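The primary structure of each chain is shown beneath.
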Amino acid sequence: MCVGVPAQVIELLEASTRQAVVEVSGVRRRVDVSLIVDDDGIGLSVGEWVLLHVGFAMSVIDEEDARRTLELLTLLGGDNEDFAEFSTTQPG
Amino acid sequence: MKFVDEYRDPVLGKLLLAEIESLAGDDEFKFMEVCGGHTHAIYRHGIEQILPPGIELVHGPGCPVCVIPMGRIDDAIAVAETHGVILTTFGDMMRVPGSKSTLLEAKARGADVRMVYSPLDALELAVRTPEQQVVFLAVGFETTAPSTAVTVRNAKARHVENFSVFSNHVTIVPPLQAILDSPGLKLDGFIGPGHVSTVVGLAPFGLLSDRYRKPIVVSGFEPLDILHGIAMLLAQLRNGRCTVENQYSRAVATNGNRRALAAIEEVFELRPHFEWRGLGFIPHSGLRLNPAHAEFDAERRFEVPGIRIADPKACQCGEVLKGAIRPWECKVFGTACTPQTPIGTCMVSSEGACAAFYNYGRLSQRRGAIPVRSR
Ligand code: SF4
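Definitions and limits used
- Residues numbered from 1 in each chain as written.
- Chains lettered and ligands numbered in written order.
- Predicted model: local features only at pLDDT ≥ 70, side-chain atom pairs only at ≥ 80, totals over all residues.
- Heavy atoms only, no water.
- Helix = DSSP H or I, 4+ residues; strand = E, 2+ residues; numbered from the N terminus.
- Rg over C-alpha atoms; globule rule 2.2 N^0.38 Å.
- Buried < 20%, exposed > 50% of the residue type's maximum accessible area, 1.4 Å probe, protein only.
- Contact = heavy atoms within 4.5 Å.
- Areas by Shrake-Rupley, 256 points an atom, 1.4 Å probe, with all protein chains shown as cover.
- Pairing = 2+ DSSP bridges.
- Axes fitted to C-alpha atoms, helices over the stretch in contact; angles between N-to-C directions.
- Core = buried A, V, L, I, M, F, W, Y, C linked by side-chain atoms within 4.5 Å.
- 1 Å grid on protein atoms, 1.4 Å probe; cavity = no way out; pocket = protein on both sides within 12 Å on 5 of 7 lines; lining within 4 Å.
- Points joined across faces, edges and corners; volume = space filled by probe spheres on them.
- Nonpolar A, V, L, I, M, F, W, Y, C, P; charged D, E, K, R; others polar.
- Disulfide = S-S within 2.5 Å.
- Near = heavy atom within 4 Å.
- Sits in = over half its atoms within 2 Å of the grid points.
- pLDDT = per-residue confidence, 0-100.
- Parallel < 35°, antiparallel > 145°, perpendicular 65-115°, else oblique.
- Left-handed = near helix turned anticlockwise from the far one by under 90°.

Got a minute to help me understand the overall build of chain B in this structure?
Counting secondary structure elements, chain B contains 15 helices and 13 strands. The C-alpha radius of gyration computed for chain B amounts to 21 Å, which stays within 12% of the reference 21 Å derived for 375 residues, consistent with globular compactness. The burial tally for chain B puts 64% of its 375 residues in the buried class. Residue pairs in contact within chain B that sit at least 24 positions apart in sequence constitute 77% of those at least 6 positions apart. Within the structure as shown, chain B displays about 14,000 Å² of accessible surface, and the carbon and sulfur contribution to it stands at 52%.

Here you go:
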């Protein structure tokens, strides 16, 4: 639960919802970005990477770091719950 | 040094290790890694085996599932068994033993318990099933508390009346203080938790360096991050410095995440006391919904027994969480207590020290440095 998953921002939804669609290893999901963007949506752009924790983007990270973490999680397979839950549970 | 070859940048790994060796010399050091994610990485990458023998890493209380006392699981089961309730929680929580059963077993008996990825999924479930009461069993440190806070804020804005939170959120500094206050364990410093710090920043850890004179280096989760963190701790000790440093600056800002802190502030308040598994009651260490959000507090909405249950006699999770014993020193480790049949919480979550050692211990054993209890 603690480690988090890097995800790439695919689409920013309306500023009023402060949600975005992100992708992790080909799986897309709608997540909350209100903890890292301003009310007017400033602070995040499509293509950037975020560290995702229980459906919330917690910080913007650089691409290199994101790729490395992701590679590690994928390589190590099913033992990361965040990663498994992101991919297998149904969005609400 | 041979195992460093597996690391992403073996050259850097060897440099760091050489630095650690020269700083450590023949002296002994004991560092606590606070975060369960670090514990997991340390066992998985066999980091202890490549360190000089004088450096010992002990595991701290930073696995949020591991610190939940049995009584709270019993309370959650009582809520789940209330007529018309759907109890939602993270996967790990389903298998934590209460005094009589786990949530998974309560589900098998007929309670409606569902696993969610995010508290937002629980809220959406409430919106979709207005005739049911949806309760989110919340756990986690300051990393997770903002997510619950934003979800409650959304529930309030959308007037979702059938949603509530059973909060078991905890804060990271009070248990570290409790460990430093308890006699016996001599620690030289802390490898600080990477992701909690993305929220709280560096300031709260000042208590450890100022009052207790223990250096702390907030570190990332890659093997090289952890080695770098250890080298930074040693450098502080050797140079007579004692402060909070940030190895993980690529994700952690000095002041943390102000929006996340504001969300916690808006929705939660500190409880006077909260019980931790193995550590007992720690003042001002748990979060509950504040009066302005009391309507979303499951503990007010439902009958909660609130009975304190002592940890099972065989279980030494408390000692493991305090760093007083290593996982393999628990009498039931690997025999009565395994990830399939956990007796204690540290065996449930993969971030728990016992599960991490159980899963990766074989690797370490092959490398020959970790003593394993004969059985
Ligand atoms: S082996 Fe089981 S009972 Fe013993 S400390 Fe670990 S989790 Fe607790």
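How should I be thinking about the overall build of chain A in this particular structure?
The helix and strand inventory of chain A stands at two helices and five strands. Its helices and strands taken in sequence order, chain A reads β-β-β-β-β-α-α from the N to the C terminus. Among the 92 residues that make up chain A, the fraction classed as buried is 52%. Contacts in chain A between residues at least 24 apart in sequence constitute 47% of all its contacts with a sequence separation of at least 6. Split by element, the accessible area of chain A, about 3,900 Å² in all, is 50% carbon and sulfur.

Teacher, can you tell me more about the sheet that holds strand 9 (residues 244–246) of chain B here?
Residue and element names in this part refer to chain B. Pairing within the open sheet is parallel, and its five strands lie in the order 2-1-7-8-9. The sheet is open, and its two borders are formed by strand 2 (55–62) and strand 9, each paired with just one other strand. Strand-to-strand twist of the sheet, defined as the mean angle between neighbouring strand axes without regard to direction, takes the value 25°. Sheet strands in contact with helix 11 (residues 223–238) are strand 1 (29–35), strand 2, strand 7 (189–192), strand 8 (216–218) and strand 9, and its direction is about 130° off that of strand 1.

For this particular structure, what's the right way to read the nonpolar core?
Note that soluble globular proteins tend to have their nonpolar side chains buried in a common cluster. Residue and element names in this part refer to chain B. Counting 127 residues, the largest nonpolar core has Phe163, Phe190 and Phe205 as the members making the most contacts within it. Ignoring sequence-local partners within four residues, the contact set of Phe205 consists of Ile172, Val173, Pro193, Ser197, Val200, Ile216, Val218 and Val244. Leu16, Ala24, Ile47 and Leu224 belong to the second-largest nonpolar core, a separate cluster that totals 25 residues.

In this structure, what is going on with the sheet that holds strand 5 (residues 133–140) of chain B? I would like to understand it.
Residue and element names in this part refer to chain B. Read from one edge of the open sheet, four strands run 4-3-5-6, paired in parallel fashion. Where the open sheet ends on each side, the last strands, each with one partner, are strand 4 (112–115) and strand 6 (163–169). Mean inter-strand twist for the sheet, computed between neighbouring axes without regard to direction, equals 25°. As paired strands, strand 3 (residues 85–89) and strand 4 are joined by four bridges and run parallel to one another. Residue pairing for strand 4: Ile86 is matched across the bridge by Asp112. Contacts from helix 7 (residues 145–157) reach strand 5 and strand 6, with the element oriented near 160° to strand 6.

What exactly am I supposed to notice about empty space enclosed by the protein here?
Empty space left among the atoms is revealed by rolling a probe the size of a water molecule over them. All names here are of chain B. Applying the stated rule across the entire model yields four cavities of 30 Å³ or more. In this structure, the second largest cavity encloses a volume near 90 Å³. For the second largest cavity, the lining is made up of 14 residues, of which Cys317, Cys330, Val332, Cys337 and Cys354 are closest to its centre. Of the residues in the lining of the second largest cavity, the class split is 11 nonpolar, three polar and no charged.

Before we go on, may I ask you to explain the state of the cysteines in this structure?
Linking two cysteines covalently via their sulfur atoms produces the bond known as a disulfide. Residue and element names in this part refer to chain B. Under the criterion given, the structure shown has one disulfide over all chains. Here Cys63 pairs with Cys66 through a disulfide, and the sulfurs are 2.3 Å apart. Across the disulfide from Cys63 to Cys66, rotation about the S-S bond amounts to roughly 70°, and the bridge is consequently right-handed. In this structure Cys66 comes out as buried when scored by relative accessible area, which is 1%.

How do you make sense of the site of the ligand when you look at a structure like this?
Residues and elements named next belong to chain B. All residues in the neighbourhood of the ligand are listed as Cys315, Gln316, Cys317, Val320, Cys330, Val332, Phe333, Cys337, Gly344, Cys346, Met347 and Cys354. Among the cavities detected, the one that contains the ligand is the second largest cavity. The residue inventory of the shell around the ligand, partitioned by class, reads 10 nonpolar, two polar and no charged.

What is the right way to read the pairing of strand 3 (residues 27–32) of chain A from this model?
The side chains of a regular strand alternate, residue by residue, between the two faces of the sheet. Residue and element names in this part refer to chain A. In the sheet, strand 2 (residues 19–24) pairs with strand 3 via six bridges, with the strands oriented antiparallel. Looking at strand 3, one finds that Gln19 is bridged to Asp32. Between the antiparallel neighbours strand 2 and strand 3 lie two residues, among them Ser25 with a positive phi of about 45°.

What is the right way to look at the confidence of the model for chain B in this model?
Segments scoring low in pLDDT should not have their predicted coordinates read at a detailed level. All names here are of chain B. Confidence along chain B averages 90 in pLDDT terms, with 94% of residues attaining 70 or more. A low-confidence stretch, residues 365–375 stays under pLDDT 50, and its non-local contacts, those more than four residues away or across chains, total 26 contacts. Reported for the predicted complex are a pTM of 0.88 and an ipTM of 0.83.

When you look at unusual backbone geometry in this model, what are you seeing that I'm missing?
Residue and element names in this part refer to chain B. Even without being a glycine, His159 presents a positive backbone phi close to 55°. Looking at the secondary structure, you find His159 in the loop between helix 7 and strand 6. Positive phi values are uncommon outside glycine, yet Arg213 reaches one of about 55°. Considering the arrangement of structural elements, one finds Arg213 in the loop between helix 10 (206–210) and strand 8.

Any chance you could explain the packing of helix 6 (residues 119–128) of chain B against helix 7 of chain B here in plain terms?
When two helices pack together, their arrangement is given by the angle between the helix axes and by the axis-to-axis distance. Residue and element names in this part refer to chain B. Running from amino to carboxyl end, helix 6 crosses helix 7 at an angle of 25°, the nearest separation of the two axes being 9 Å. Here helix 6 lies roughly parallel to helix 7, going by the angle between them. As helix 6 packs across helix 7, the resulting crossing turns out to be right-handed. For the pair helix 6 and helix 7, contact is made by Pro119, Leu120 and Leu123 and by Ser147, Thr148, Thr151, Asn154 and Ala155, respectively. Among the residues forming the contact of helix 6 with helix 7, the class breakdown is four nonpolar, four polar and no charged.

What is the right way to look at the side chain of Gln247 of chain B in this model?
All names here are of chain B. Tracing the backbone through its elements, the reader meets Gln247 in the loop between strand 9 and helix 12 (258–267). Look at Gln247 and you get buried, because its relative accessible area is 10%. Gln247 has contacts with Val217, Val218, Ser219, Gly220, Asp225, His228, Gly229 and Met232, leaving out every residue within four places of it along the chain.

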